[in-house]
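Architecture and fold: a report
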Amino acid sequence: MTLPDWLPELKDKEILRADFIAGLTVALILIPQSMAYAQLAGLPAYYGLYASLLPTMIAAFFGSSRQLATGPVAMVSLMTAAALEPLATAGSEAFVGYAVLLALMVGIFQLVLGMFRLGVLLNFLSHPVILGFVNAAAIIIGTSQLGKIFGVTAVKGEYHYVFVINTIGAAMESTHWPTLCMAILAFGIMIGVRRFKPRLPAVLIAVITTTILAWLFGFEKHITVKTDQISNQKIRTALMYDVLEARRITNLQEKYIEAQKDHAAKAEDIGDDSATLMTERQGLEQIKFQLDQLNERAGSYHKELFNTPLYAIGEDEAMQFFTRSDIGGQDETAEETGLFDQPWFITSYSSGVVGLQTGGKVIGEVPRGLPGFSMPKFEWSAIMHLIGATITIALIGFMEAISIAKAMAAKTRQSLSADRELIGQGMSNIVGSMFQAYPVSGSFSRSAVNFNARAVTGFSSVISALIVGFTLLLLTPLLYYLPQATLAAVIIMAVAGLVSIKPAIHAWQANRHDGIVVAVTFLFTLAFAPELEMGIILGMLLSLVLLLFRIMKPRVAFPPHLPHLFPEDALEAGIIDDGRIVRMRLDGSLVFANVAFFEEQLQKLLASTPQLKVLIIDAVSIPEVDASGDQMLRDYYRRLTESGIHVLFSRVKKPIMAMFKRSHMHEDIGEECFHRNPVNAFKHAWAMILEDEDVEATEEVEDIEVVEEVETTQAVEATQEPEDTNEPDGTHESTR
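Residues numbered from 1 in each chain as written. Predicted model: local features only at pLDDT ≥ 70, side-chain atom pairs only at ≥ 80, totals over all residues. Heavy atoms only, no water.

1. Focus on the overall build of the protein chain
Heads up, the condition is: Numbered from the N terminus, helices here are DSSP runs of H or I no shorter than four residues, and strands are runs of E no shorter than two. For a compact globule the rule gives 2.2 Å times the number of residues to the power 0.38, and the radius of gyration it is set against comes from C-alpha atoms. Exposed residues in this analysis have more than 50% of their type's maximum accessible area, buried residues have under 20%, and partly exposed residues fall in between, with area computed by a 1.4 Å probe over protein chains only. Only heavy atoms enter the contact rule, under which two residues are in contact if any of them lie within 4.5 Å. Here the open area of atoms and residues is found with the Shrake-Rupley method and a 1.4 Å probe, where only the protein chains shown may cover a residue. Neither His nor the chain termini are counted; the positive set is Lys and Arg, and the negative set is Asp and Glu. Charge positions are represented by NZ for Lys, CZ for Arg, CG for Asp and CD for Glu.
Helix and strand counts for the protein chain stand at 29 helices and 12 strands. Taken against the 2.2 N^0.38 rule, which gives 27 Å for 736 residues, the C-alpha radius of gyration of the protein chain at 41 Å runs more than 25% over that of a compact globule. By its C-alpha atoms, the protein chain is 175 × 75 × 75 Å across when sized along the principal axes. Buried positions account for 47% of the 736 residues belonging to the protein chain. Of the contacts made within the protein chain by residues no fewer than 6 positions apart, 80% connect residues no fewer than 24 positions apart. Surface summary for the protein chain: the accessible area is close to 38100 Å², and the carbon and sulfur share equals 60%. In the protein chain, which carries 55 positive and 80 negative side-chain charges, the distance between the mean positions of the two groups comes to 18 Å.

As structure tokens, then:
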């Protein structure tokens, strides 16, 4: 690995100043955006800041693009959440561990692709597949934020559309109006600033405004109450059970750690191959499996408990908290008095004291300080589960990065290496995973901001990373009151531009097959969400099937004859319209997949053109001929010549001609049958017809002479008198 080529350019103060301004501008967008994307990935918001630190800097050093801004992006965040959802509860410690492991796996895969120059694998992701997937993913991302916009929680179903339906139902029933108003305000600020003052950081202005308002007006309210103030007995029991489960998990974790240490010590003394140690290793695996099961069950139970709304009756110390079913969901008096308008949610429980929160949701406490070094924990079962997601995230993420990098390189006329960019993205994910970052990629929006801010080198990304680090060290307390609704609005605004209808219509107009691929990928991605890779896989398979179909049935054309291709005497003889010469053109490769189709077209031609004398195969549109195509041409050349039909080849490409020479087809058929110039091919064809007509005329003359000779002989014989075989009269008489 070499140092980036832009380092010497930083000696120029103008370049340094431009990069500093661009880096600052990007950072003002990156900080709130990264926190929003982290929550989209199912992680605490501050993990977005961790993913914006070292990965941003590393990608700038190892990649080839100077303006590409790497960090958390919506698409990769969504795919991360979808991949990890079956493994652990979102936001839990296990979930974070799997996200970090996934970043390492994605990085290694991208690094290997770049080092071995295997970027060609990206060709399997055709533009129609990407187009359909991106449109569907943008809709999935946007709708996943509806609960935060309306301030409601909904039950997740097996598929994403079930969650959307449940969220809409919950919003119609119990929208939290302050949350909705905060979201509308955030939308209004971002849309207004982008329209009237596009150079200002719209996202940052929305974040600062809504955070200040949330702090001033008590958007979120916290209180602590005693356990006996919770009237529902099941809730009180569940709280105690939740504490017991947490203690049980802690004890089991300590037991597992001690067993690991003991196992490692014994392995050094008696060797790792000991039968005793193998038995202990199996016991460790059982403890680990039990711990994972316990974490998953307890996490799901904890989430359900802490998302159960409670409603307060009374004031101050006399307040009692009930569930909706305790009060009676159909109680008209309760509905009219607005009792259900302010739900409370449990946030903590310890020693008989319950923490409750009401109002809109905010980010809350963000740990101060930089992320520490920590290697991802390897777990074989999780690795096997994440292999498919690794490939999908690595390829989709890189496609997003390289697309914007190519667009910027075309404008700046700077060199861009896809393989080196793969290495840069891979290194950013690998290093990031060692500092608690989840998978990252190049960002469309932030790269565009970086480019428009006139960034010259990758040093602008270094500046952005340093500002993120400064925020983590000193400014995290200011983020406490940042509303979740604002982050949801930021996400929706970011992905709104990804929904593109015109390119899909253009794909349909350009090629019906491409339009079908876009539609199928789009619909199946929506239908199978959160299993997003299913839409991509089906789209890829359909693309390959349709490609094979096009290869199997390429276009076969019979171009009309142009007068300038023929000699004057041929035109006078009416050769253009009499069908004695036919030119046949195949628009595609002649390979094993379509040999039978080409033969079928030849048979139809022979059946429909009985007067055919010369067939000219125009090979100008044939880029490839394999062994099956070569053998078919040989066979048909022999059959047609035996039937009295001549075959000529016109405009054969040099690589194919070289293959014909290697296979000896060139000499077997005859060099005179191959013509680079179509005019020569048609002159040769006309000469063949004249030659055949001369031969036929000669044969007719010979046939006429033979017939005349036979007729003359017969006439002479007819004029001669036959011999008299009887004796003369006189002779008879004398004899008598």
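2. Some remarks on unusual backbone geometry
Residue P530 is bonded to the preceding A529 through a cis peptide linkage, with omega at 15°. The topology assignment puts P530 in the loop between helix 21 (512–528) and helix 22 (532–552). Not every positive phi belongs to a glycine, and Q436 is a case in point at roughly 65°. Along the chain, Q436 falls in the loop between helix 16 (418–433) and strand 7 (441–442).

3. What about the packing of aromatic side chains?
The criterion, for reference: A pair of aromatic rings is counted whenever rings of Phe, Tyr or Trp (Trp by its six-membered ring) have centres within 6.5 Å, and the orientation is called stacked for planes under 30 degrees apart, edge-to-face for over 60 and tilted otherwise. Whether a charge sits over a ring depends on NZ of Lys or CZ of Arg being within 6 Å of the ring centre and within 35 degrees of the ring normal.
All told, the structure shown has 12 aromatic pairs when counted by the stated rule. By the ring-pair criterion, three or more aromatic residues cluster together here, those being Y46, Y47 and Y50. The ring of F345 carries K361 above its face, with NZ or CZ at 5.4 Å from the centroid. One Lys or Arg, R639, reaches over the ring of Y636 and ends 5.0 Å from the middle of that ring.

4. Considering the environment of S461
Among the secondary structure elements, S461 is positioned in helix 18 (residues 459–475). Using a relative accessible area of 3% as the deciding quantity, one classes S461 as buried. Distance in space between the C-alpha atoms of S461 and V225 is 48 Å, their sequence separation being 236 residues. Ignoring any residue separated from it by four or fewer positions in sequence, one finds S461 in contact with T56, A60, L68 and A69.

5. Points about the sheet that holds strand 2 (residues 220–226)
Basically, it comes down to this: A pair of strands counts as paired when DSSP detects no fewer than two bridges linking them. Axis lines are fitted to C-alpha atoms, over the contacting stretch for helices. Their N-to-C directions set the angle, which ranges from 0 to 180 degrees.
Taking strand neighbours across the sheet as the criterion, the three strands line up as 2-6-5 in an open arrangement whose pairing is antiparallel. Single-partner strands in this sheet number two, and they are strand 2 and strand 5 (344–350). Averaged over neighbouring strand pairs, the angle between their axes works out to 25° when direction is ignored. Note that strand 2 and strand 6 (residues 353–359) share seven bridges and pair antiparallel.

6. A look at the pattern of salt bridges
Put simply, the test is: Only one rule defines a salt bridge in this text: a Lys or Arg side-chain nitrogen within 4 Å of an Asp or Glu carboxyl oxygen.
Going through the model one piece at a time under the given rule, you end up with 13 salt bridges. A salt bridge links R583 to D618; the shortest N-O distance between them is 3.3 Å. Taken together, the residues R583 in strand 9 (residues 581–587) and D618 in strand 10 (residues 614–618) connect sequence positions 35 residues apart. Classification of R583 by relative accessible area gives buried; the value is 9%. The class of D618 is buried, set by a relative accessible area of 1%. Among the ionic contacts, a cluster of salt bridges with common partners joins D5, E9 and R66.

7. With respect to helix 17 (residues 444–452)
The criterion, for reference: To obtain the arc, one takes the directions from the helix axis to the C-beta atoms.
Listed in full, the buried residues belonging to helix 17 are R446, S447 and N450. Taken down its axis, helix 17 places every buried residue within 100° of arc, on the same side. Immediately downstream of helix 17, the backbone of R454 shows phi near 65°, a positive value.

8. Details of the packing of helix 6 (residues 127–144) against helix 21
How we decide: Throughout, the term roughly parallel applies to angles under 35 degrees, roughly antiparallel to angles over 145, roughly perpendicular to angles from 65 to 115, and oblique to all others. Take the far helix as your reference; a near helix turned counterclockwise from it by less than a right angle gives a left-handed crossing, and one turned clockwise gives a right-handed crossing. Ten residues, namely Ala, Val, Leu, Ile, Met, Phe, Trp, Tyr, Cys and Pro, are considered nonpolar, four, namely Asp, Glu, Lys and Arg, are considered charged, and the remaining ones, Gly among them, are considered polar.
As a packed pair, helix 6 and helix 21 sit with axes 7 Å apart at the nearest point and diverge in direction by 30°. Taken as axis vectors, helix 6 and helix 21 run roughly parallel relative to one another. For the element pair helix 6 and helix 21, the recorded crossing hand is right-handed. On helix 21, the residues that touch P128, V129, L131, G132, F133, N135, A136, I139 and I140 of helix 6 are D514, V517, V518, T521, F522, T525 and L526. Taken together, the residues that form the contact of helix 6 with helix 21 break down as 11 nonpolar, four polar and one charged.

9. So, the sheet that holds strand 12 (residues 674–675)
One open sheet holds the five strands; their spatial order is 8-9-10-11-12, and the pairing between them is mixed. In this open sheet, the two strands that pair with only one neighbour each are strand 8 (555–557) and strand 12. Across five bridges, strand 9 lies against strand 10 in parallel orientation. Across the sheet, R583 pairs through a bridge with I616, a residue of strand 10.

10. Re the confidence of the model for the protein chain
Quick note on the threshold: Per-residue confidence from the prediction method is given by pLDDT, with values spanning 0 to 100.
Considering every residue of the protein chain, the mean pLDDT works out to 84; 91% of them sit at 70 or more. Predicted confidence for residues 723–736 stays below pLDDT 50, and this span has one contact to residues more than four positions away or in other chains.

11. Quick word on the pairing of strand 9
As a general feature of sheets, a regular strand has side chains that alternate between the two faces. Our working rule: A crossover gets the label right-handed when its path from the first strand over the helix to the second runs clockwise, viewed with the strands pointing away from the viewer.
Summarising burial for strand 9: five of the seven residues are buried, a large majority. Where strand 8 meets strand 9, three bridges bridge the pair, whose relative direction is antiparallel. Across the sheet, R555 pairs through a bridge with D587, a residue of strand 9. In terms of handedness, the path from strand 9 via helix 24 (residues 595–608) over to strand 10 forms a crossover that is right-handed.

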